[in-house]
Amino acid sequence: MQHNSYEAPNAVLRITEKISKMCVIVSGFILLFAVGLIGVEVVLRKAFSISIGGADELSSYALAICISWSLGYALIHKGHIRIDLLYSKLSDKLKSALDVLSLLSMLAFVAPLTYFAYEVFHVSFLRNSTANTPLQTPMWIPQGIWFSGFLAFLVTILIVLVSSLILIFKKDYQGARNIAGASSVEEEIEEETGIRIK
Amino acid sequence: MFLNVALPALLVLLILSVPVAATLASLGLLLGWQFSPFPIYRAIGEVSWGTSTDFLLVAIPIFVLLGEILLRAGLAERTYNALNKWLSWLPGGLMHANVMTSAMFAATSGSSVATAATISTVAIPQARKNNYNEDFFAGSIAAGGTLGILIPPSINMIVYGFLTNTSIPKLFLAGIVPGIILTLFFMMFIALLCTIKPSIAGGKQSFTWNEKLASLKDIIPVFVIFAVVIGSIYSGLATPTESAALGVITAVVLTMLYRKFSFSMLVGAIEGTMRTTAMIMLILLAAYFLNFVLSAIGLTAKLTAFVNGLGMTPLMTLLTIVCMYVVLGFFIETLSLMVITIPIVAPVVVGMGYDPVWFGVLLIILIEMALITPPVGLNLYVVQGIRKTGSMAGLTIGSFPYVIMMVVMVIVLILFPDLALVLAKYVN
Amino acid sequence: LKVVGSWSFLSLYKNFEVPFWTEKLPAATDGKISANLTSFNEMGMKGGEVFRLMSMKLFDVGSTVANYAVSDSTALEGLDLPGIAPDIDTARKVVNAYRPVLDDIMNESFNAKLIGIAPYPAQVLFCNTEISGLSDLKGKKVRASGRTLAEFLDATGATGVTLAFSEVPQSLQRGVVDCAVTGSLSGFSAGWGEVSTHLYPLPIGGWAFVVTAMSLDTWKSLDKNTQDLLMTNFAKHLEDPVWDAVATETQQGINCLTGTGECPQGDPVKMKLVKVSKEDISVASNILNKVVLPKWSERVDKKWIDRWYETVGKTVGISK
Ligand code: NA
Ligand code: NA
């Protein structure tokens, strides 16, 4: 199994990481379920000219859920792409400043996104909107799960932000960067392949 | 407005290492709020829901998952060792295995980081043992790894197809011939270089026919996966997303047959998949929203009109765009480069009468180039990160010939557009 | 006015919406109304969210295909049921009968005022396999979008398959699907004619009516005179000419696809035109009555069902 170099500086982050990992694994199995469903659909369609109906629809909800519920995990594991052309040349202090800026900008993006994702869900709920498909899925169900993923991501950003601010005030820039910094090549390779470089 | 507000803001935020997704989305929110009397920022929820549930994009996590499973099953290593046995007689020996493994692994996987990293770990120790010139050796890995986005299936092509409404099967098909030609270019270059300067190539290894034949079973899985994924699209069995699902199912069955399957391996593959999916999709959501705002405030139309108003011939415009990608490719990470530029560039190019499928292939080659040009070149980073010896400058020099070959490929493709379109035409 | 128009690459937008909103309406109102027009697809929308975003005050006027927006308002489905209007004259009668009902629906669902309804060319069936009528659809894989069409096809024994529009030609050719539904002329332009052999001209996909509506707040901010000018000019300069054009386009599409008659849009292809028999029309009407309408009434408020029978039902001779 892929080993995990993640070392959390405090209990809250440690728990957040555990929870985010659980969310990712659950989403992953939802994706696998969608894969299976699509597979069955293709085989049935080819062999018997029948359609189980809705494999595509359900798997597109699976995608939405996978996206929003894996964002927090990606944040903790430094998966969100940052361009480190300037960053890599700066002092620890400035790096930490940019890390905070980058978390704040994530907030500036994700807070409105979460709010308006809620609005999508809420409007569908009020209107009783159903998908224009034979399944007639009540839209608020997938949209609600999708929106809650963004909410969880928002909370994760706040936890990471506060944790790194605490470390920065303690002048532990290295520590702050461990949780909020841009990922180095070594970390990137390790996350992608499980190959540990030292 | 674009030139004096949006563009500088974009560049400043990116330089300050603000996450690409946050940069694009904040810019969208800001522009929408500042330059429109209507609250268009409120559309971010609806637009994101639409993007999040696009069936075409379901292919992205599934293809990522496919690559992750195969990688964890040790497929790349075994393919590499097998190909080495078959190619070691060529001048340049192992380096051909580097390129071929990348090309073949490309046929099954989306992630070039994973491919380049895996091949580096297997190949570099062998290169040392056999006294290869390490810079040129590592260069061939970095360059070979870029083939993954040109030879189908390709996540970058899905992104292009999504942003420009171009048929994914056509794009996939169009990538095959240029992908093979570019692979051959790479191998011909290696053979030529090693014939002229044998000191670059290391000691020859030789293998018996029995060893060679025995190694074939290690290559079979790659062909099976490729046949299932690409075959199911062109035989009419499946759409691209469905073909990805069939690929994953086949991969799981194969890893079980090879006794590499375990629950913890699956969980590892899922974690890797979700991290990559989150990264790609957040950028796509942000880029799509930014596009929405740019066209809502009329900027896209103005830019197109501006370019058309320059009065350049289509070919000149195209060459300018190619140069722009080469230059931007030095500095901007590739996915970001694609999502920022495609929505603006593709309509201009297609509007001048160029085929969108053909341009997609051209663009992908330019993106490949960006992966191995300094200072920001993901594949250079990855290979350097693993080899640990030698300098980045040395690796850059070692990869440079392949950049030249990509430039040649771009020129060839402009002169003979049919290289990309011939298969699609034949199939139609 | 900020106006969001329909599909940018289709004739309705290029030849009618653009001149209407940017030239004719400003001229007719002496510049009192001027519009800033973009199509929904150019903005990256899929079509279904247009009215929802309009009710969020993102723009003043929105146009989209009624069937795209039915997620948010099942009552909208009543406008364009599969196979209800075999010819354009019936289609126009249906639209006129349903117009007041639609205005109320738009008002209730989206806080909007109905401005007008314009059709796309008839949504006909392209098959890459021999068919001679509706009964041959049994066991065929048909690309369908929308649940009423899916229910209709289901009743004929066909299997509904969902595909992106851009994937249809390849899929028809490779046999992923046997048949697919779209407008005759747009199918010709998108190259469907080259990958399919039989054309069945009964509009089982309906007419893909484009509904144009204005946010009620904007509507109320206009004075009575301007409101009247808008409505009369929309009817005169957009609706009427589009209906005329669509009759021509539907025929031209069929000409181009079957190589019979004039085809100014390019080189015609030679698909076989399947004659729509009287029996098929009554089969379609029967499926509508026995399958599609009952299913629709399960998901829509009873008052809309009743009003449908009073208006459209009466027009086409379907009663409970
Ligand atoms: Na690939
Ligand atoms: Na680069």
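Structure: see above.
Not measured: the values here are computed from a predicted model.

Draft legend 1. Structural view of the pattern of salt bridges. Enumeration according to the criterion identifies 23 salt bridges over all chains in this entry. For Asp 92 of chain A, the salt bridge is made with Arg 177 of chain A, and the minimal N-O distance between the two is 3.0 Å. Of this pair, Asp 92 of chain A sits in helix α3 (residues 92-127) while Arg 177 of chain A sits in helix α5 (residues 173-180); the two residues are 85 residues apart in sequence, bridging distant segments of the chain. The partner of Asp 240 of chain C in a salt bridge is Arg 92 of chain C, and the shortest N-O contact between them spans 2.8 Å. Placement of the pair is Asp 240 of chain C in helix α8 (residues 224-258) and Arg 92 of chain C in helix α3 (residues 88-110), with a sequence separation of 148 residues. The class for Asp 240 of chain C is partly exposed, based on a relative accessible area of 32%.

Draft legend 2. Summary view of the pairing of strand β2 (residues 36-39) of chain C. Residues and elements named next belong to chain C. One ladder, built from four bridges, connects strand β1 (residues 2-5) with β2; its direction is parallel. Within β2, the residue paired with Lys 2 across the bridge is Asn 36. Read as a crossover between parallel neighbours, the route from β1 over helix α1 (residues 11-28) to β2 is right-handed.

Draft legend 3. Focus on the interface of chain B and chain C. Listed as interface residues are 28 residues of chain B and, on the opposing side, 23 residues of chain C. Buried area between chain B and chain C, summed over both chains or domains, comes out near 2200 Å², and the portion from carbon and sulfur atoms is 55%. Among the residues of chain B in contact with chain C, Phe 38, Glu 46 and Phe 292 of chain B are the three that bury the most area, contributing 26% of the side total. Remark: the boundary between chain B and chain C carries two salt bridges. Our count for the chain B to chain C interface comes out at five residue pairs in polar contact (both at pLDDT 80 or more). The element that contributes the greatest number of residues to the side of chain B that touches chain C is helix α13 (residues 263-296) of chain B, accounting for four residues. Of the residues contributing to the side of chain B that touches chain C, the split by class is 15 nonpolar, nine polar and four charged.

Draft legend 4. Examining the packing of aromatic side chains more closely. The tally for this structure, following the rule as stated, stands at 32 aromatic pairs over all chains. Aromatic side chains Phe 121 of chain A and Phe 147 of chain A sit 5.9 Å apart centroid to centroid with 10 degrees between the ring planes, which places their arrangement in the stacked category. Taken together, the positions of Phe 121 of chain A in helix α3 and Phe 147 of chain A in helix α4 (residues 140-169) put the pair 26 residues apart, joining distant regions of the chain. The interplanar angle of 35 degrees and the centroid separation of 5.5 Å between the aromatic rings of Trp 7 of chain C and Phe 9 of chain C together place this pair among those described as tilted. Overall, Phe 9 of chain C belongs to the partly exposed group, its relative accessible area being 49%. Feature note: the residues Tyr 118, Phe 121, Phe 125, Trp 140 and Phe 147 of chain A constitute an aromatic cluster, connected by ring pairs. Here Arg 82 of chain A stacks its cationic end above the ring of Tyr 87 of chain A, 5.0 Å away from the centre of that ring. Above the ring of Trp 209 of chain B, the side-chain terminus of Lys 212 of chain B is found at 4.4 Å from the ring centroid.

Draft legend 5. Summary view of the sheet that holds strand β10 (residues 210-215) of chain C. Residues and elements named next belong to chain C. As summarised here, the arrangement of the five strands in space is β2-β1-β3-β10-β4, forming an open sheet in which the pairing is mixed. At either margin of the open sheet sits one strand with a lone partner, and together these are β2 and β4 (112-118). Each strand axis lies, on average, 20 degrees off the axis of its neighbour in the sheet, ignoring direction. Of the strands in this sheet, β1, β2, β3 (61-65), β4 and β10 touch α1, which is tilted by about 165 degrees from β2.

Draft legend 6. The arrangement of the coordination of the sodium ion (ligand 2) in detail. Residues and elements named next belong to chain B. Every protein donor of the sodium ion (ligand 2) is accounted for by Gly 329 (O), Ala 370 (O), Thr 373 (O), Thr 373 (OG1) and Val 376 (O), and the metal-donor separations fall at 2.2 to 2.6 Å. Written as a sequence motif, the donor arrangement for the sodium ion (ligand 2) is G-x40-A-x2-T-x2-V. Placement of the pair is Gly 329 in helix α15 (residues 314-331) and Ala 370 in helix α17 (residues 356-371), with a sequence separation of 41 residues. Ala 370 shares its class with Gly 329; the two are buried.

Draft legend 7. Examining the sheet that holds strand β6 (residues 141-143) of chain C more closely. Residue and element names in this part refer to chain C. Pairing in this open sheet of six strands is mixed, and the strands run β7-β6-β8-β5-β9-β11 from one edge to the other. Whereas interior strands pair on both sides, the edge strands pair on one side only; in this sheet they are β7 (159-161) and β11 (272-273). Of the pairings in the sheet, the one linking strand β5 (residues 123-127) to strand β9 (residues 198-200) comprises three bridges and is antiparallel in character. Within β9, the position partnered with Cys 127 by the bridge is His 198.

Draft legend 8. The arrangement of the interface of chain A and chain B in detail. On the side of chain B, 76 residues touch chain A, which itself brings 68 residues to the contact. Our enumeration of links across chain A and chain B arrives at one salt bridge. The partner of Arg 42 of chain B in a salt bridge is Glu 119 of chain A, and the shortest N-O contact between them spans 3.3 Å. Between chain A and chain B we count nine residue pairs in polar contact (both at pLDDT 80 or more) in total.

Draft legend 9. Up close: the state of the cysteines. All names here are of chain C. The final tally for this structure, using the stated rule, is two disulfides over all chains. Between the sulfur atoms of Cys 127 and its disulfide mate Cys 179 the distance is 2.1 Å. With the S-S dihedral at roughly 110 degrees, the linkage between Cys 127 and Cys 179 falls on the right-handed side. Of this pair, Cys 127 sits in strand β5 while Cys 179 sits in strand β8 (residues 179-183); the two residues are 52 residues apart in sequence, bridging distant segments of the chain. One exposure class covers both Cys 127 and Cys 179, and it is buried.

Draft legend 10. Expanded view of the packing of helix α9 (residues 278-299) of chain C against helix α10 (residues 302-316) of chain C. Residues and elements named next belong to chain C. Running from N to C, α9 and α10 cross one another at 140 degrees; their axes reach a closest spacing of 9 Å. Where α9 abuts α10, its residues Asn 289, Leu 293, Trp 296 and Ser 297 lie against Ile 305, Trp 308 and Tyr 309. Grouping the amino acids of the contact of α9 with α10 by side-chain chemistry returns five nonpolar, two polar and no charged.

Draft legend 11. Inspection of a nonpolar patch on the surface at higher detail. Residue and element names in this part refer to chain A. Judged by side-chain polarity, Phe 125, Leu 126, Trp 140, Ile 141 and Ile 145 come together as a nonpolar surface patch covering roughly 460 Å² of accessible area. Elements with a contribution of two residues or more to the nonpolar patch: α3 and α4. Among the elements that make up the nonpolar patch, the one with the highest residue count is α4 (three residues). In this fold, Ile 145 is placed in helix α4.

Draft legend 12. Representation of helix α5 (residues 75-87) of chain B in the model. Helix length check: α5 of chain B, at 13 residues, gives a terminal C-alpha distance of 18 Å against a target of 18 Å (1.5 Å per residue), a fit within 8%. Turning to α5 of chain B, its buried residues number three or more, namely Leu 75, Ala 76, Arg 78, Thr 79, Tyr 80, Ala 82, Leu 83, Asn 84 and Leu 87 of chain B.

Calculation notes
- Residues numbered from 1 in each chain as written.
- Chains lettered and ligands numbered in written order.
- Predicted model: local features only at pLDDT ≥ 70, side-chain atom pairs only at ≥ 80, totals over all residues.
- Heavy atoms only, no water.
- Salt bridge = Lys/Arg side-chain N within 4 Å of Asp/Glu carboxyl O.
- Helix = DSSP H or I, 4+ residues; strand = E, 2+ residues; numbered from the N terminus.
- Buried < 20%, exposed > 50% of the residue type's maximum accessible area, 1.4 Å probe, protein only.
- Pairing = 2+ DSSP bridges.
- Right-handed = clockwise from strand over helix to strand, strands pointing away.
- Contact = heavy atoms within 4.5 Å.
- Buried area = accessible area lost by both parts, 1.4 Å probe.
- Polar contact = N/O pair within 3.5 Å; in protein donor to acceptor, adjacent residues only side chain to side chain.
- Nonpolar A, V, L, I, M, F, W, Y, C, P; charged D, E, K, R; others polar.
- Phe/Tyr/Trp six-rings, centres within 6.5 Å; stacked < 30°, edge-to-face > 60°.
- Lys NZ or Arg CZ within 6 Å of the ring centre and 35° of its normal.
- Axes fitted to C-alpha atoms, helices over the stretch in contact; angles between N-to-C directions.
- Donors = N, O, S within 2.8 Å, 3.2 Å for Na, K, Ca; no water.
- Disulfide = S-S within 2.5 Å.
- Patch = residues over 30% accessible without salt bridge, like charges linked within 9 Å, V, L, I, M, F, W, Y side chains within 5 Å.
- Areas by Shrake-Rupley, 256 points an atom, 1.4 Å probe, with all protein chains shown as cover.
- Expected span 1.5 Å × (residues − 1).

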